[in-house]
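Descriptive analysis of the structure
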Amino acid sequence: MHIDMDNMQATLELGQKPVGRLLWQYALPAIVAMTASSLYNIIDRAMIGQVVGPEAIAGLGITFPFMNLSAAFGAAVGVGSSTCISVKLGQKDYKTAENLLGNTVTLNLIVGFLFMVVCFVFLNPILRFFGASDATLPYARQFMEIILAGNVITHMYFGMNAVLRAAGKPRHAMYATLFTVGMNILLVVAFVWWFQWGIRGAALATITSQSMALCWQMRIFSDKRELLHLKRGIYRLKANLVRNIMAIGVSPFLMQTTSCVIVIFMNNQFVRYGGDMAVGAYSIANSMAMVFFMFVMGVTQGMQPIVGYNYGAEKFDRMLRCLWLAIVVGTTILLIGWLICMLFPHQIARIFTTDPTLIEMSARGIRLDMLVFPIIASQAVITNFFQCIGKVKISIFLSLSRQLFMLLPLAYLLPFWWQLDGVWYSMPFSDFGSFAMTWPLLLWYLRKFKTYAK
């Protein structure tokens, strides 16, 4: 069997090419892809808010925890397997890396199907628990029925994109995401605006575009010239590989699950202190924060194969250079986002709605939510760094620190003094607390590498 030497060279470059150029090479496609995905989410919500109405965008906000919960199970497999593959490639253990690819496919099928079945059975009670009211429940249910029907496709699509990056193909992962986003936007315009299919049309556009991209991904992995490719004998689950995948994946899983719990609680707090319009404002503010945070997520995705490979190859100086560079780039990005949102909150809110009440609530919410926005970049990068080098317990602790240990109690207590503003203030307060906890932990751990660092 002939293996394309370009694929082998792309993998070896992770341990040879200058770190700055590598991070640019791997992060730029991820940033482009994640940013395009965020822009789609804005267009999606703007289309629903403008065409269907403010109750629909509030209903869409109710689905955030559902989407986070689904993403949690997908991340447990996708992030876990891609990190394991990066380390195995760094160790030049290509057979195990290929078996990890096959196990990723099988796990995505099993987990995606089980999640779909369980959630369909209990859909209404779950949405009520997530904060849906009589007015918003129909919109949330219509959206999630379509999303759940395509849940296996969504899991597989994101999982294969993570493996593409780990296998030295960041541009292919970017192309898959850009195609999905572009097709998504076209279909949303057609289904929601032209055919008037409402919120169901937005969900159908998402699943349809992901299905088309997944077909292309599978075609790439079916090419026998690829260093990692699909073939018989790699799909049967192996206990040691599944344990390794889940050991790494448990950190992003808990982070996403905790995010789900937090959004449920926040939705209920916003309903309690501000009504359905406050949930809509939270949805809008959260969408804008995610636009800029997705840039940082692109940077962390770009650093993942570089850090994982060089850690596996014991090239710790390169690993640390990648870490520091990622922190600087991520912080700069969020500083720009902070300035834009602080200066133009009303203009941003008008993208999503024409309702004056919702515009005012959203503008204030955007400013309060993003008070200390730039400092969370380093927290995200450092948490991802520990995940990349297999330090699962530290990564889990940092993942949970911001949301479960700080945000949850603050979102409960602060409204006693500041009412609705207290719910908003809980987010920047917890961001600062998590930042103050993360840096000492990193500096303490990095003493282990001082012998290798230059």
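This next bit is on the overall build of the protein. A tally of helices and strands in the protein yields 19 helices and zero strands. For 454 residues, the compact-globule estimate of 2.2 N^0.38 gives 22 Å, and the protein sits close to it at 21 Å. Principal-axis analysis of the C-alpha atoms places the extent of the protein at approximately 60 × 45 × 35 Å. Out of the 454 residues belonging to the protein, those deemed buried represent 59%. Considering only contacts in the protein between residues 6 or more positions apart, those separated by 24 or more positions represent 82%. Surface exposure of the protein reaches about 18,300 Å², of which carbon and sulfur atoms provide 67%. In the protein, 34 side chains carry a positive charge and 19 a negative one; their mean positions are 11 Å apart.

On to helix α19 (residues 420–446), then. Across its 27 residues, α19 extends 41 Å between first and last C-alpha, which sits within 8% of the 39 Å expected from 1.5 Å per residue. The largest bend in α19 amounts to roughly 25° and is located at S426, with the proline P428 lying one to four residues further along.

The next point concerns the nonpolar core. Among the nonpolar cores identified, the biggest contains 133 residues, and F66, L127, F270, L334, F385, F386 and W424 are the most heavily contacted of them. It is helix α12 (residues 276–312) that contributes the most residues to this core, 18 residues altogether. Sequence-distant contacts of L127, that is, excluding residues within four places in its chain, are made with I62, F66, A132, L137, A140, R141 and M144.

The full count for this structure, using the stated rule, is six salt bridges. One salt bridge in this structure joins E145 and R200, with 2.8 Å as the shortest N-O distance. Here R200 lies in helix α10 (residues 198–221) and E145 lies in helix α7 (residues 137–149), a separation of 55 residues in the sequence. According to the relative accessible area criterion, E145 is buried, its value standing at 17%. R200 gets classed as partly exposed once you look at its relative accessible area, which sits at 36%. One salt bridge connects R364 with D421, and the closest N-O pair in it is separated by 2.5 Å.

To continue, consider the side chain of D431. Within the secondary structure, D431 is located in helix α19. By relative accessible area, which is 7% here, D431 ends up buried. Residues contacting D431, with those up to four places away along its chain left out, are D369, V372, I375, I376 and R402.

Turning to the state of the cysteines, a few remarks are in order. Counted under the stated rule, the structure contains zero disulfides. Sulfur of C322: no disulfide; nearest cysteine sulfur belongs to C388 and is 8.2 Å away.

So, about the layout of surface pockets. Of the pockets and cavities examined, the largest pocket occupies roughly 220 Å³. Lining the largest pocket are 15 residues, with C84, V87, N244, I248 and G390 positioned closest to its centre. At the level of secondary structure, the elements contributing two or more residues to the lining of the largest pocket comprise α4 (64–90), α11 (239–274) and α16 (376–388). Considered class by class, the residues forming the lining of the largest pocket number nine nonpolar, five polar and one charged.

Glancing now at the side chain of T353. Position of T353 among the secondary structure elements: in the loop between α14 (345–352) and α15 (356–369). Judged by relative accessible area, which is 4%, T353 ranks as buried. Only 3.0 Å separates the side chain of T353 from the backbone nitrogen of D355, close enough to count as a polar contact. Setting aside anything within four residues of it in sequence, one finds T353 in contact with Q50, I284, L358 and I359.

Moving on to the confidence of the model for the protein. Of the residues in the protein, 94% reach a pLDDT of 70 or more, and the chain-wide mean stands at 85. Confidence, read as mean pLDDT per element, is least for helix α1 (residues 5–12) in the protein (55) and greatest for helix α18 (residues 415–418) (94). Contacts of residues 1–5 to residues separated by more than four positions or lying in other chains number eight contacts, the stretch itself having pLDDT below 50.

By the secondary structure assignment, Q256 is in helix α11. It is 8.7 Å that separates the C-alpha atoms of Q256 and S70, two residues lying 186 residues apart in sequence.

Right, let's get into the environment of M277. Take M277: it is sitting in helix α12. Residues M277 and M297, 20 residues apart in the sequence, show an inter-C-alpha distance of 29 Å. Dropping the residues within four chain positions of it, M277 is found in contact with P54, D355, L358 and M361.

Despite not being glycine, K92 has its phi angle at roughly 60°, a positive value. Examined against the element boundaries, K92 turns out to sit in the loop between α4 and α5 (94–121). A positive phi angle, close to 60°, is found at Q196, a residue other than glycine. Position of Q196 among the secondary structure elements: in the loop between α9 (170–194) and α10. By relative accessible area, which is 54% here, Q196 ends up exposed.

Relative to the helices and strands, Q304 is located in helix α12. The class for Q304 is buried, based on a relative accessible area of 7%. Spatially, the C-alpha atom of Q304 lies 9.9 Å from that of V381, the residues being 77 residues apart in sequence. Discounting residues that sit within four places of it in the chain, Q304 has contacts with S82, T83, S86, N384 and C388.

What counts, and at which threshold
- Residues numbered from 1 in each chain as written.
- Predicted model: local features only at pLDDT ≥ 70, side-chain atom pairs only at ≥ 80, totals over all residues.
- Heavy atoms only, no water.
- Helix = DSSP H or I, 4+ residues; strand = E, 2+ residues; numbered from the N terminus.
- Rg over C-alpha atoms; globule rule 2.2 N^0.38 Å.
- Buried < 20%, exposed > 50% of the residue type's maximum accessible area, 1.4 Å probe, protein only.
- Contact = heavy atoms within 4.5 Å.
- Areas by Shrake-Rupley, 256 points an atom, 1.4 Å probe, with all protein chains shown as cover.
- Lys, Arg positive; Asp, Glu negative; His and termini not counted.
- Charge placed at Lys NZ, Arg CZ, Asp CG, Glu CD.
- Expected span 1.5 Å × (residues − 1).
- Bend = angle between axes of the 7 residues up to and from the residue.
- Core = buried A, V, L, I, M, F, W, Y, C linked by side-chain atoms within 4.5 Å.
- Salt bridge = Lys/Arg side-chain N within 4 Å of Asp/Glu carboxyl O.
- Disulfide = S-S within 2.5 Å.
- 1 Å grid on protein atoms, 1.4 Å probe; cavity = no way out; pocket = protein on both sides within 12 Å on 5 of 7 lines; lining within 4 Å.
- Points joined across faces, edges and corners; volume = space filled by probe spheres on them.
- Nonpolar A, V, L, I, M, F, W, Y, C, P; charged D, E, K, R; others polar.
- Polar contact = N/O pair within 3.5 Å; in protein donor to acceptor, adjacent residues only side chain to side chain.
- pLDDT = per-residue confidence, 0-100.

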